[in-house]
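Chain by chain, the residues:
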Amino acid sequence: MRTDEAESCIGLHGEDVNAIAYSSEHTRKWNLKYGLIGVPMLVAWWFVYKSLEPFAGWLARHLVDLLSAHFVWLGNTQHLTSAVEFFFYDTPKVLMLLILVVFGVGIIRSYFTPERTRRILAGKRESAGNVLAALLGIVTPFCSCSAVPLFIGFLTASVPLGVTFSFLISAPMVNEIALVLLYGLFGWKIAAIYMSTGLIIAMLAGWTIGRLKMEHHLEDWVYQIQVGESGVYDEERKTFADRIRFGLEAVRDIVGKVWIYVIVGIAVGAGIHGYVPEGYLASIMGKGAWWSVPVAVLIGIPIYSNAAGIIPVVSALIEKGAAMGTVLAFMMSVVAISFPETVILRKVLKPRLIMVFTAVVAVGIIIVGYLFNMLI
Amino acid sequence: MKIKVLGPGCKKCHETEKIVKEAVAEAGVTAEVEYVTDLAEIARHGIFSTPAVVIDGNVKSTGKIPSKGEVLRWLK
């Protein structure tokens, strides 16, 4: 179930984002200060990150030795060492990657406000518009609680319906948290594959919805809205120091919410890693079971979790013989479509369009799942 | 002065309302703070990301929780 908009909401809070713009000397001082602190911080980050693996192995061995000296009933501690090492290594690794990437993406996102994205997409034709919308979905700060105002904002700027959907599919599915976790636990290839297939699903599903000409399946009140263009908020200029602060706020906000899911997810993953026998899941979630992809997607649709909670579990499942495509399909359907999101979208979409939206995305994910099981 | 805090009712929106009310009290201005959840009205203001703050018809911020310092500057 929906926990919170943990991954997609960047809510700035507290800090005075615009206050600094007042004096340029002040700005220079802050730029210098962030530069002087930032570079040593990055170097320190790198050294800590590089020494995590040997340190985790050492810590796990010593801890388990200590435990088994006191609790003789533990017996053979091989599984325990393996689980503890997995936990000690993966938790700080994923959290450190998360902090760095959320900060970097936060800075990028400070350039892409929803207002600017709307301006870019306004009047774009389909096809090119679908591609652009899916790409912008990655970098535009998006929160499912703003999905409806954004949806209306796009339509009133004459962004075609299908293009709007490309954005709404890509924004929650392809995000930095999913990419960091996939990179950290599976390597860059799987992360790249996830990102590109996620984008392709968003583009093609949006394009398909556009082809189906379902514009009259919006709720009636949507058509009556006239947005006074003068009312559209134009953002104040940001200095570079403001953007750094935006990034830091994103870290505080997102990592502050997500860390607990990462730890719980990795703990569950560590348990599976240490104790479930190799190949155990091959018969039910392996490539041989053709029905496993659609079943995984059907199970995943109503569930909502953020990527942070689900990926560590997914990683352990794969290790025990679940097929990559099946597991990716499950993950995508959990992250991309959820019951709470359809409830929010129901305010603007008539039931038929919601059904079509869900079905098109689900079919896209199932195809990707089969494709992976064939390729990998 | 008429202040509107707009948002469909998420946690951030309520926090924004709280900060605006605190700022109004601190600045000692007479202002009416209204919390708007009606999606049609939010859309009419040309707001695409919430929470948003509108003072006397002018959109002051969207998509973030403003700081109290910012709100105090708008109230001047």
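Please read these numbers as outputs of a predicted model, since none were measured by experiment.

### Some points on the overall build of chain B
Link 1 in the chain: Within chain B one finds three helices and four strands.
Link 2 in the chain: When the helices and strands of chain B are listed from N to C terminus, the series reads β-α-β-α-β-β-α.
Link 3 in the chain: Expected size for 76 residues packed as a compact globule is a radius of gyration near 11 Å; at 11 Å, chain B falls within 12% of this value.
Link 4 in the chain: The buried share of chain B, taken over its 76 residues, is 45%.
Link 5 in the chain: In chain B, 66% of the contacts between residues at least 6 apart in sequence involve partners at least 24 apart.

### Some words on the pairing of strand β4 (residues 58-62) of chain B
Residues and elements named next belong to chain B.
Link 1 in the chain: Bridge analysis of strand β3 (residues 52-55) against β4 gives four bridges, and the strand direction is antiparallel. Looking at β4, one finds that I55 is bridged to N58.
Link 2 in the chain: In sequence, β3 turns back onto β4 through a hairpin of two residues, with D56 there showing a positive phi of about 45°.

### Quick word on the confidence of the model for chain B
Residues and elements named next belong to chain B.
Link 1 in the chain: Put simply, chain B has an average pLDDT of 85, and 100% of its residues get 70 or more.
Link 2 in the chain: Helix α2 (residues 39-44) is the least confidently modelled element of chain B, averaging 81 in pLDDT, while strand β1 (residues 2-6) averages 91, the highest of any element.
Link 3 in the chain: Reported confidence for the predicted complex is 0.78 by ipTM and 0.78 by pTM.

### Examining the nonpolar core
Residue and element names in this part refer to chain A.
Link 1 in the chain: Counting residues in each nonpolar core, the largest one holds 113 residues, and the members touching the most others are M331 and V361.
Link 2 in the chain: When residues in this core are grouped by element, the largest group, 13 residues, is from helix α3 (residues 78-109).
Link 3 in the chain: Setting aside chain neighbours within four positions, we find M331 in contact with I310, I311 and V314.

### Observations regarding the sheet that holds β4 of chain B
Residues and elements named next belong to chain B.
Link 1 in the chain: Ordered in space as β2-β1-β3-β4, the four strands form an open sheet in which the pairing is mixed. At either margin of the open sheet sits one strand with a lone partner, and together these are β2 (32-36) and β4. Strand-to-strand twist in this sheet, taken as the mean axis angle between neighbours without regard to direction, amounts to 20°.
Link 2 in the chain: In this sheet, β3 lies alongside β1 in antiparallel orientation, the contact comprising four bridges. The residue bridging K4 from the neighbouring strand is V54, located in β3.
Link 3 in the chain: Lying over the sheet, helix α1 (residues 11-27) contacts β1, β2 and β3, oriented at roughly 160° with respect to β1.

Calculation notes
- Residues numbered from 1 in each chain as written.
- Chains lettered and ligands numbered in written order.
- Predicted model: local features only at pLDDT ≥ 70, side-chain atom pairs only at ≥ 80, totals over all residues.
- Helix = DSSP H or I, 4+ residues; strand = E, 2+ residues; numbered from the N terminus.
- Rg over C-alpha atoms; globule rule 2.2 N^0.38 Å.
- Buried ≥ 20, exposed ≤ 12 C-beta atoms within 10 Å, placed from the backbone.
- Contact = placed C-beta atoms within 7 Å.
- Pairing = 2+ DSSP bridges.
- pLDDT = per-residue confidence, 0-100.
- Core = buried A, V, L, I, M, F, W, Y, C linked by C-beta atoms within 7 Å.
- Axes fitted to C-alpha atoms, helices over the stretch in contact; angles between N-to-C directions.

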